[in-house]
Amino acid sequence: QVHLVESGGGLVQAGGSLRLSCVASGRTFSRYAMDWFRQAPGKEREFVAGISWSGGITNYAESVKGRFTISRDNAKNTVYLQMNSMKPEDTAVYYCAAGLSIATMTFWGQGTQVTVSS
């Protein structure tokens, strides 16, 4: 079992930056791939970024490539999402997730709200 807690959300102006953090419980964090997803009002949850257990492989949605960076610190049981050049369409609840591969998520956090004003 992995318990995930996100933080770092908030209100930012368009063009600004935020860094989300997700802290995982348990000693097996380094075995899991980690993803960030988001869900905007009235829309389905969508994949944002993913990182392999070692950090050697990362994937991004086309909409965030070049603006967002996912990283992890296995010593701190933490995965990060650095968001730059933010746009109003980035407004959503952001969730982190853990799984055995980037494409297979099993455990989910409660989410953190990100709002980008124009």
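Up top is the structure these notes are about.
What you see is a predicted model; the values in this text were computed from it and never measured.

Peer 1: Hey, could you run me through the state of the cysteines in this one?
Peer 2: Each disulfide consists of one covalent bond between the sulfur atoms belonging to two cysteines. Under the counting rule described, the total for this entry stands at 1 disulfide. What pairs with Cys22 in a disulfide is Cys96, and their sulfur atoms sit 1.9 Å apart. Its torsion about the S-S bond being 45 degrees, the disulfide of Cys22 and Cys96 is classed as right-handed. Of this pair, Cys22 sits in strand β3 (residues 18–24) while Cys96 sits in strand β9 (residues 92–101); the two residues are 74 residues apart in sequence, bridging distant segments of the chain.

Peer 1: What am I meant to see in the nonpolar core here?
Peer 2: In a soluble, globular protein the nonpolar side chains are often hidden away together inside. In terms of nonpolar packing, the biggest core is built from 30 residues, with Leu4, Met34, Trp36, Leu81, Met83 and Tyr94 touching the most fellow members. When residues of this core are traced back to their parent elements, those giving at least two are β3, β4 (33–39), β5 (46–51), β7 (68–73), β8 (78–83), β9 and β11 (112–117). Phe37, Ala97, Ile102 and Met105 belong to the second-largest nonpolar core, a separate cluster that totals 5 residues.

Peer 1: Help me understand the pairing of β8, please; the structure alone is not making it clear to me.
Peer 2: Along a regular strand, successive side chains alternate from one face of the sheet to the other. By the criterion of burial, β8 is predominantly enclosed, with 5 of the 6 residues buried. Pairing analysis gives 6 bridges linking β3 to β8, with the strands arranged antiparallel. Looking at the pairing, Arg19 lines up with Gln82 of β8. In this sheet, β8 lies alongside β7 in antiparallel orientation, the contact comprising 6 bridges. Across the sheet, residue Ile70 finds its bridge partner in β8, namely Leu81. The hairpin turn running from β7 into β8, its antiparallel successor, is 4 residues long, and Asn77 in that turn takes a positive phi close to 55 degrees.

What counts and what doesn't
- Residues numbered from 1 in each chain as written.
- Predicted model: local features only at pLDDT ≥ 70, side-chain atom pairs only at ≥ 80, totals over all residues.
- Heavy atoms only, no water.
- Disulfide = S-S within 2.5 Å.
- Helix = DSSP H or I, 4+ residues; strand = E, 2+ residues; numbered from the N terminus.
- Core = buried A, V, L, I, M, F, W, Y, C linked by side-chain atoms within 4.5 Å.
- Buried < 20%, exposed > 50% of the residue type's maximum accessible area, 1.4 Å probe, protein only.
- Pairing = 2+ DSSP bridges.

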